[in-house]
Amino acid sequence: MGTTQRQMLLDLKPEQVPSLDNFVAGANVELVERLRGLADARSFEAIYLWGGQGCGKSHLLTATAESARALRPVVRLAGAEAGAELQLAPGCLLVIDDVGQLGVEATVALFRAFNAARFIGLAMLLSGDEPPLRLALREDLRTRIGQTLIYEIHALSDEEKAAALRRHAIERGMLMDPSVVHYLLRHGRRDLPSLMAMLGSLDRASLEQKRPPTLPLLRELMQTSFDLEKE
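Since the structure is predicted, the reported quantities are computational estimates derived from the model, not experimental observations. (Residues numbered from 1 in each chain as written. Predicted model: local features only at pLDDT ≥ 70, side-chain atom pairs only at ≥ 80, totals over all residues. Heavy atoms only, no water.)

Peer 1: Which residues make up the pairing of strand 3 (residues 93–97), and what values do they have?
Peer 2: Side-chain direction in a regular strand flips from residue to residue, so the side chains alternate between the two faces of the sheet. With 5 of its 5 residues buried, strand 3 lies for the most part within the structure. Both faces of strand 3 are covered, namely the face carrying Leu93, Val95 and Asp97 and the face carrying Leu94 and Ile96. Direction of pairing for strand 2 (residues 74–78) relative to strand 3: parallel, over a ladder of 5 bridges. Opposite Val75, over in strand 3, you have Leu94 as the bridge partner. Direction of pairing for strand 3 relative to strand 4 (residues 123–128): parallel, over a ladder of 4 bridges. By the bridge assignment for strand 4, Ile96 is matched with Leu126. As for the winding sense of the linkage, the β-α-β connection from strand 3 through helix 4 (residues 104–120) to strand 4 is right-handed. (Buried < 20%, exposed > 50% of the residue type's maximum accessible area, 1.4 Å probe, protein only. Helix = DSSP H or I, 4+ residues; strand = E, 2+ residues; numbered from the N terminus. Pairing = 2+ DSSP bridges. Right-handed = clockwise from strand over helix to strand, strands pointing away.)

Peer 1: Lay out the sheet that holds strand 1 (residues 46–50) in plain terms, naming residues and giving numbers.
Peer 2: Strand pairing in a sheet is mediated by backbone hydrogen bonds. Such pairs are either parallel or antiparallel. Within the open sheet, the 5 strands sit side by side as 2-3-4-1-5. Their pairing is parallel. Looking along the sheet, the strands with just one partner apiece sit at the ends: strand 2 and strand 5 (149–152). Averaged over all pairs of adjacent strands, the angle between strand axes in this sheet comes to 15°, irrespective of strand direction. Across 5 bridges, strand 1 lies against strand 4 in parallel orientation. Bridging across to strand 4, Leu49 finds its partner in Ser127. (Axes fitted to C-alpha atoms, helices over the stretch in contact; angles between N-to-C directions.)

Here it is, written out as C-alpha cells:
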C-alpha cells in the first residue's frame with residue numbers, strides 16, 4: 001500500500017457540495033420538500049429534525065441554509081457556539097445544529113427568539129440527536145421545540161444506498177462490477193457520505209494506478225483506511 005493511497009485516504013471527504021438536490025431522500029421526501037419551502041422569505045415555519053450520527057443532518061442544514069441565502073437573511077450556528085445574543089433580522093431563517101449543546105445563556109436567547117418569531121417573521125430550522133422530549137434543555141424551551149414540525153430523519157435502506165452508489169459511479173464514468181458496491185456496503189462505514197467518499201477514492205486510485213476499480217483495489221484501500229485509524 002503506497003504513499004499515494006495513504007494520502008488519498010487522509011484527504012478522504014465527501015466531494016459534492018451539500019444541496020437538497022443531491023441529498024438521497026429515501027423515506028424523507030416530505031422533509032426535503034418542507035426544507036425547500038424555508039427558502040421562501042414568506043415562510044415562517046419552525047422545523048426540528050433529529051437522527052443519529054451519519055443520518056444526514058449536517059447535509060440538510062447546510063443545503064437549506066445555502067438555498068435560502070439568495071432570498072432571505074440566514075443565521076447559521078452550531079449549538080455549542082451560540083451565545084447570549086442572536087442577531088436576527090426581520091424575515092430571517094435561523095438554523096441551529098445540535099440544540100442539545102446550547103449553553104444556559106443560549107437557551108434563553110433561543111426561547112426569546114421563539115417569542116419574537118411571529119413579530120419579526122422568523123423561520124427556524126433546528127436539529128438534534130434526540131426527539132424534543134429527550135433534550136437536556138429547560139422545560140419551557142423543550143416545550144417550544146416540541147410544538148414545531150418534528151421530523152425524524154429515516155436511515156436509507158441498503159438497497160437505497162446501493163442505488164445511490166451505483167448512480168454516483170455512473171456519474172463519475174466508473175465501470176465496475178456490482179460486487180464492489182456489495183462489498184463496500186458490507187464492510188464500509190454505514191453513512192452514505194463516507195461510502196461515497198470511499199467510492200471517490202477508489203475512482204482516483206484506479207485512474208492514478210491505471211487499474212480497473214475492482215474488488216481487490218477496494219480491499220487495499222479499505223485496509224489502508226483501517227491501518228490509518230489504528231495509528
